[in-house]
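Architecture and fold: a report
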Amino acid sequence: MKLGMNMIREYAEIPVSPKEYEERMIMSGTGVEGTEDVSGGMEKVVVGKVLTCEDVEGTHLHQCTVDVGGEEPLHIVCGAPNVGVGKLVPVALDGARLPDGVKIKKGKLRGMISEGMLCSATELKVPQELYPSVGDEGLLIFNEEYPLGSDVKPILGIDDTAVDFEILANRPDCLCAVGIARETAAAMGTEYHGPDTSVREVGGDVHAEVKVRVEDDMFCPRYTARVIKNVRIGQSPLWMRKYLHAAGLRAINNIVDITNYIMLEYGHPMHAFDLGKVKGRQIVVRRAHAGEMLTTLDGVERKLRTEDLVICDESAATGLAGIMGGEESEITEGTQEVMFECAAFDRTAIRLTSRALGLRTESSGRFERGVCAATVMEALDRACHLVNELDAGDVVTGVIDHYPAPKAQQQITASVKRIQSRAGVEIPADAMVRILNKLFFEASLEGDVLSVKVPAFREDLDGEADICEECLRMYGYDHIGATPLRGSTTQGGVSPMKHLKNKVGRMLNGFGYLEIMNYSFTGLKEIAKLGLPEDDLRMKPMAIRNPLGEDTAVMRPTLVCDMLKTLSFNMNHMTEQASLYEMAAVFDPHHPTEEGLPTETQTLCLGAYGDQVDFFTVRGAAEAVLNGQGIACQAEAGGDCYYHPGRCARLTRGGVVFATIGEIHPAVMERFGMTRRAVVAEINLAQLLEYAKPMGEVKPLPRFPAMSRDLALVMDESVCVGPLMADMRKAAGNLLESIKMFDVYRGLQVGLGKKSVAFSLIFRANDRTLTDEEVQKAMDKVRKVCDDKHGAAIRA
Amino acid sequence: MSVVDTLRELKEQVDKELNDLNGSAGLEALRVKVLGKKGELTALLKGMGQLAPEERPKVGAQINEVREWLTERMNQRLNAIQAAEREAAIQSEIIDVTEPHDLPVTGSAHPITLVMDELIDCFSGLGFEVMEGPEVELDHYNFELMNLPKNHPARDAQDTFYMDDNIVLRTHTSPMQARAMLTRKPPIRIICPGRVYRADEVDATHSPVFHQMEGLVVDENVSMSDLRGTLEAFAKKLYGADVSTRFRPSFFPFTEPSAEVDLTCSACHGKGCRICKDTGWVEVLGCGMVNPKVLEMCGIDSHKYSGFAFGIGLERIAMKRYGLTDMRLLYEGDARLLGQLR
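Parameters and conventions
- Residues numbered from 1 in each chain as written.
- Chains lettered and ligands numbered in written order.
- Predicted model: local features only at pLDDT ≥ 70, side-chain atom pairs only at ≥ 80, totals over all residues.
- Heavy atoms only, no water.
- Helix = DSSP H or I, 4+ residues; strand = E, 2+ residues; numbered from the N terminus.
- Rg over C-alpha atoms; globule rule 2.2 N^0.38 Å.
- Buried < 20%, exposed > 50% of the residue type's maximum accessible area, 1.4 Å probe, protein only.
- Areas by Shrake-Rupley, 256 points an atom, 1.4 Å probe, with all protein chains shown as cover.
- Lys, Arg positive; Asp, Glu negative; His and termini not counted.
- Charge placed at Lys NZ, Arg CZ, Asp CG, Glu CD.
- Core = buried A, V, L, I, M, F, W, Y, C linked by side-chain atoms within 4.5 Å.
- Contact = heavy atoms within 4.5 Å.
- Axes fitted to C-alpha atoms, helices over the stretch in contact; angles between N-to-C directions.
- Left-handed = near helix turned anticlockwise from the far one by under 90°.
- Nonpolar A, V, L, I, M, F, W, Y, C, P; charged D, E, K, R; others polar.
- Parallel < 35°, antiparallel > 145°, perpendicular 65-115°, else oblique.
- Pairing = 2+ DSSP bridges.
- Domains from an automatic or database assignment.
- Disulfide = S-S within 2.5 Å.
- Buried area = accessible area lost by both parts, 1.4 Å probe.
- Salt bridge = Lys/Arg side-chain N within 4 Å of Asp/Glu carboxyl O.
- Polar contact = N/O pair within 3.5 Å; in protein donor to acceptor, adjacent residues only side chain to side chain.
- Phe/Tyr/Trp six-rings, centres within 6.5 Å; stacked < 30°, edge-to-face > 60°.
- Lys NZ or Arg CZ within 6 Å of the ring centre and 35° of its normal.
- Patch = residues over 30% accessible without salt bridge, like charges linked within 9 Å, V, L, I, M, F, W, Y side chains within 5 Å.
- Expected span 1.5 Å × (residues − 1).

So, about the overall build of chain B. Secondary structure assignment for chain B yields 12 helices and 9 strands. For chain B, whose C-alpha radius of gyration is 42 Å, the value lies well above the compact-globule estimate of 20 Å for 342 residues. Judged by the C-alpha coordinates and their principal axes, chain B covers about 130 × 45 × 45 Å. Expressed as a percentage of its 342 residues, the buried residues of chain B come to 53%. Of the roughly 15900 Å² that chain B leaves accessible, carbon and sulfur atoms contribute 52%. Positive and negative side-chain charges in chain B, numbering 39 and 52 respectively, have mean positions lying 5 Å apart.

So this is what it looks like as structure tokens:
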């Protein structure tokens, strides 16, 4: 919210520079985004009088002499058509600075000396409504006499600093000059002088002029109105126009300007009706009928709901309460009678209507943040005071005030000691009283008990903690010391899941994997690229009701889509090889928790491509992760359909799948724009944590020698080595220390469709040296199971 | 030829052959030839039987003397030859150690993880325990227990993603405050790092997904100065001992009093620069004393206990630390960027 400092000064003194003011306000709780010179940094532009003006032949230029109050008049060449002898104009002197930063220097124009520049309103960035002019058609001509050589800024109403306040959500009372002035006076230790709200009435009776009926007290807790007769529409005075300008508002005419000015001054949105056009001279505030249609001031026809509050005349709804008025009763040049409305509407109701209709206005924004019902009448009276002051009409005697349930004044009692202990600052009790009174509370002290009456405009307070904050922010947050945490010690540390992630991350980093992070949401189209069957639960992920877009509309049921997208991104950025991983939650709404939330499963996804990468390198990384938790798995062929059907596997133990690894299916690669083969692995970290075996004692080092046997078996190409080895292990019994596959041979010697696989088995007992017979017996069993179950026999 | 002569000849001959030798293999052959079971010297010893008994001791002694001399000589020679051979091998194995070569490929955690882990490290040292919770959260925890009842205008500022009327994507890590208080008894000291969501369009400084770390302490007699002490400890650990903090009054529905915390701008050390917009301060987090209403709603006696809470945005810290000017870089997964981290 922008306000000119001069307007704030009307109510509270600011004895410091804008910079220091900004600092003091920030530190007492009123945010300031920045300050800016309303004149845009204009310098050395003064009032001058054109003494002589001669046309320069063959051009549109004029050669002028201009009196700027100096000893000698200045010679200035000017091209404006409206320049003329005797006119008072703004003159940019040698060394002047214009609002857009342009510097004016003495120079020559077509050989003629020019010692400055005569300025248009556009060049000075002064809008028409602030100071009437012909805009960029010609020079700004002053319409009154001013001392020659005097600064033009005060004359044009731009001698001000605008402060851009950032008001906290709980302080709607500060969204106006009066509120800011109250805070200013408290922060600066200066006096606050409120606006004059006295009204001079001309007789008559407001109740005879207009009837007001409020049908919904909940949505409209207060409605006040006054009537102005003999309205004299005209321009409002410069002081009002310049305050509106500094705040970024346009001056229109005195009546409209008064309503806008009240909004700036009191934060109360007002509405001015042309009473002559209000049918039946009757105002009804009621809920809309279902499906009722209303054309708002912006020309849009809107269908209303019964939750929408409307302002009606005798025949129909004419405006949306607190949001936008109707066209019919708009103030025009011809307006004779005005009814001022100043009301309080329910913030939630306004918010919901504004949202439902997609219609946000300055007024609706203020009502949403909260407009105090108690101060409505003061604002209305102030408006009428301004009508008197501006001589914009005659105020009819009496007010309409529908206020069925005034709020009682709020009282809070607090303990000085508890406030001090909460703040961690020994704010003296009398300082608390002083601060609170300065903030318009009525505070009194009895022993430790602080009794506080809260001013009506402060609707954000409800307890001791709030009083603590009020005292502390004015006493100064910089008094807060820094004490180390005391009290009972607590066991700090990371959660088991975080611990697991740390360990897995470190391991993968060692293997060269880089961690990536993707958004937690994705799009159905993206998921569809995986080509999962229709009935796969991942095809029905949890949907966001108000997503940013189609591609971020659902919570991801798998990390694979994002991994493939990221791999593709890197491939398409000419990165030769990349090994990536992500650890994040996947969301499953089909198995809700007790609280009805989707199951969130922390998941690890690996993805890699490059010359050094094949199925086995990624499987190795996945196995290492599992082994790191004491889970030794077997590989089984198979996996989701987005994998290459002949190059994917599951790592299982005891029928539980711990990881899936596979090369990406060529069709899926194409859909993700992947230019190279890639391998991906998925591991459920939550499950891994559940099954993790804690590290126990280490095995003692062997004391007896090992016996080693090699075995080469010929088998059909289709025989899977993994299960074969599992059977070999089982058959060899507990004397087997390890088994390794060390060669696979395919060639004519073993026959077409066959392969020869060589294994090395190591046997050892931990209590004796094994005999040949013992080992031979085990080897016989191994051979038998290979032959019987897998058709794998010793190579002849 | 007398034995003496034979011995002398043998000595000379072996000496010569030793000198001519240039490999350890030849030396072994020579040793066998002279000193082996069937060697020349052994033959002489065996031939002693044919000598007169009185000559035997003398000749025996001479033979043994020669044997010792030869053994010694051969050992010397062996050492020399082995040394030469090793030297030759070494010379032949010289490599150019200055040649470039491929480094072992190492990976790295994500910038956000790196920052998160550093913060966890700092706070766990102060007795804070890491607690994790759902990202898809009940409105009840995310808003209502945080003193943001339905239709509260401050909810708008949070730009919430809704699943349905009661389920949202958590807009902050604060709901974990409620979850912690409802399941634990004071003293409570927890931190909750994690993903949070706001319906912000993606640009250089906004992301609909970002990370926060919530901190919560509930105990007897906890004050605003304890909060400041804790945050200063964190700030100094993260940014060095000369960093100072500034508390500015602020508003959060779930804390009272509330503060925004600024740290001395690390680029200009508080003098004022472009990064801190000439203020000398950089905003890092919001915090405050837990609102007594929140304590009560979460079943904690607000007369006996008080607490403080803070929420730190991790993206801002990570971006500053690694000089990233566009938040999108964090979520793009570009190996060329991530590969630079360590």
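Of all hydrophobic cores here, the largest spans 105 residues; its most connected members are Leu450 and Met555 of chain A together with Met181, Phe234, Phe247 and Phe310 of chain B. When neighbours within four sequence positions are excluded, phenylalanine 234 of chain B is seen to be in contact with Leu119, Cys122, Phe123, Leu285 and Ile312 of chain B. Core analysis: the next-biggest nonpolar cluster, separate from the first, contains 60 residues, Leu244, Val338, Cys384 and Leu386 of chain A among them.

On to the packing of helix H14 (residues 496-510) of chain A against helix H17 (residues 615-627) of chain A. Residues and elements named next belong to chain A. Running from N to C, H14 and H17 cross one another at 145°; their axes reach a closest spacing of 10 Å. Crossing angle aside, the handedness with which H14 passes H17 is right-handed. Where H14 approaches H17, its residues Val504, Met507 and Leu508 are matched on the opposing element by Ala621, Ala624 and Val625. Within the contact of H14 with H17, the residues separate by chemical class into 6 nonpolar, no polar and no charged.

With that settled, the discussion passes to the packing of helix H2 (residues 18-27) of chain A against helix H4 (residues 177-188) of chain A. When two helices pack together, their arrangement is captured by the angle between the axes and the distance separating the axes. All names here are of chain A. Running from N to C, H2 and H4 cross one another at 95°; their axes reach a closest spacing of 10 Å. With respect to their mutual orientation, H2 and H4 come out roughly perpendicular. For the pair formed by H2 and H4, the contact residues are Tyr21, Arg24 and Met25 on the first element and Ile180, Glu183, Thr184, Ala187 and Met188 on the second.

All names here are of chain A. Structurally, lysine 540 is set in the loop between helix H15 (524-528) and strand E28 (554-555). Through-space distance from the C-alpha of lysine 540 to that of arginine 458 is 49 Å; in sequence the pair is 82 residues apart. Not counting residues within four places of it along the chain, the set of residues in contact with lysine 540 comprises Glu534, Asp535, Pro589 and His590.

On to the pairing of strand E34 (residues 679-684) of chain A. The side chains of a regular strand alternate, first on one face of the sheet and then on the other. Residue and element names in this part refer to chain A. Among the 6 residues in E34, 5 count as buried, and that is most of the element. Both strand E30 (residues 599-609) and E34 contribute to a ladder of 6 bridges, which runs antiparallel. Bridge pairing in E34 links cysteine 605 to glutamate 682. Direction of pairing for strand E33 (residues 656-664) relative to E34: antiparallel, over a ladder of 5 bridges. What sits directly across from glycine 662, in E34, is valine 680.

Here the domain parsing of chain B yields domain 1 (3-93) and domain 2 (111-338). For domain 1 of chain B versus domain 2 of chain B, the separation of C-alpha centres amounts to 88 Å.

Okay, the sheet that holds strand E7 (residues 255-264) of chain B next. Reading across the sheet, the 7 strands line up as E1-E4-E5-E9-E8-E7-E6 (chain B) and stay open at both edges, with mixed pairing between neighbours. The open sheet has two edge strands, strand E1 (129-130) and strand E6 (245-252) of chain B, and neither has a second partner. Inspection of the sheet shows E6 of chain B paired to E7 of chain B by 7 bridges, in the antiparallel sense. Its bridge partner lying in E7 of chain B, proline 249 of chain B is registered against alanine 259 of chain B. In this fold helix H13 (residues 464-475) of chain A packs onto E6 and E7 of chain B, with an angle of close to 35° to the strand it touches most, E7 of chain B.

For the rest of this paragraph, the subject is the state of the cysteines. Scanning the model with the defined rule gives 0 disulfides over all chains in all. The closest cysteine sulfur to the non-disulfide-bonded cysteine 384 of chain A is located on cysteine 342 of chain A, 9.8 Å from its own sulfur. Cysteine 298 of chain B takes part in no disulfide bond, and the closest cysteine sulfur to it belongs to cysteine 192 of chain B, at a distance of 12 Å.

All names here are of chain A. Read across the sheet, 3 strands follow the order E23-E25-E24 without closing on themselves; strand pairing throughout is antiparallel. Strand pairing shows two members of the sheet lacking a second neighbour, strand E23 (411-415) and strand E24 (442-446), which therefore form its edges. Between one strand axis and the next, the sheet turns through 20° on average, direction left out of account. Both E23 and strand E25 (residues 449-453) contribute to a ladder of 5 bridges, which runs antiparallel. Bridge pairing links threonine 413 to serine 451 in E25.

Bringing the environment of lysine 105 of chain A into the picture now. Mapped onto the elements, lysine 105 of chain A comes out in the loop between strand E7 (103-104) and strand E8 (107-109). Contacts of lysine 105 of chain A, omitting those with residues within four sequence positions, involve Asp94, Gly95 and Ser114 of chain A.

Time to look at the interface of chain B and chain A. Taken together, the contacts link 88 residues of chain B with 85 residues of chain A. Both sides together, the interface formed by chain B and chain A hides about 7000 Å², and carbon and sulfur atoms give 55% of it. At the boundary of chain B with chain A, the tally comes to 7 salt bridges. A salt bridge links aspartate 165 of chain B to arginine 545 of chain A, with the nearest nitrogen and oxygen atoms 2.7 Å apart. Viewed at the interface, chain A and chain B are joined by 37 residue pairs in polar contact (both at pLDDT 80 or more).

Following the criterion strictly, the structure yields 21 aromatic pairs over all chains and no others. Consider the rings of tyrosine 519 of chain A and phenylalanine 521 of chain A, whose centres lie 6.0 Å apart with planes at 55°: the pair is tilted. Phenylalanine 521 of chain A matches tyrosine 519 of chain A in its accessibility class, with the two residues each being buried. Ring centres of phenylalanine 658 of chain A and tyrosine 691 of chain A lie 5.1 Å apart, and the angle between their planes is 90°; this geometry places the pair in the edge-to-face category. In this pair, phenylalanine 658 of chain A is assigned in strand E33 and tyrosine 691 of chain A in helix H19 (residues 685-691), connecting sequence segments 33 residues apart. Through pairs of rings, three or more aromatic residues link up here, namely Tyr519 and Phe521 of chain A together with Phe161, Tyr197 and Tyr331 of chain B. For the cation-ring pair, lysine 11 of chain B lies above tryptophan 69 of chain B, with the distance from its terminal atom to the ring centre recorded as 5.0 Å. If you follow arginine 179 of chain B out to its NZ or CZ, it ends over the ring of tyrosine 141 of chain B, 4.1 Å from the centre.

Going through the model one piece at a time under the given rule, you end up with 77 salt bridges over all chains. With a shortest N-O distance of 2.8 Å, arginine 458 of chain A and aspartate 460 of chain A are connected by a salt bridge. With a closest N to O distance of 3.9 Å, lysine 150 of chain B and aspartate 139 of chain B form a salt bridge. Taken as a pair, lysine 150 of chain B in the loop between helix H6 (139-142) and helix H7 (153-157) and aspartate 139 of chain B in helix H6 lie far apart in primary sequence, 11 residues in all. When its relative accessible area of 44% is taken as the criterion, lysine 150 of chain B is described as partly exposed. Bridged by salt links that share partners, the residues Arg171, Asp173, Glu183, Arg458, Asp460, Glu470 and Arg473 of chain A form one connected network.

Residues and elements named next belong to chain A. Where like charges cluster on the molecular surface, the negative patch consists of Asp100, Glu123, Asp136 and Glu137. With respect to the helices and strands, aspartate 100 occurs in the loop between strand E6 (88-97) and E7. Looking at aspartate 100, the relative accessible area reads 47%, which means it is partly exposed.

All names here are of chain A. Taking 1.5 Å of rise per residue, the 19 residues of helix H21 (residues 772-790) would be expected to cover 27 Å, and the 26 Å separating its terminal C-alpha atoms lies within 8% of that figure. Next to the buried residues of H21 lie strand E35 (707-716), helix H20 (721-732) and strand E37 (754-763). Positive phi shows up at glycine 791, right after H21, with a value of about 60°.

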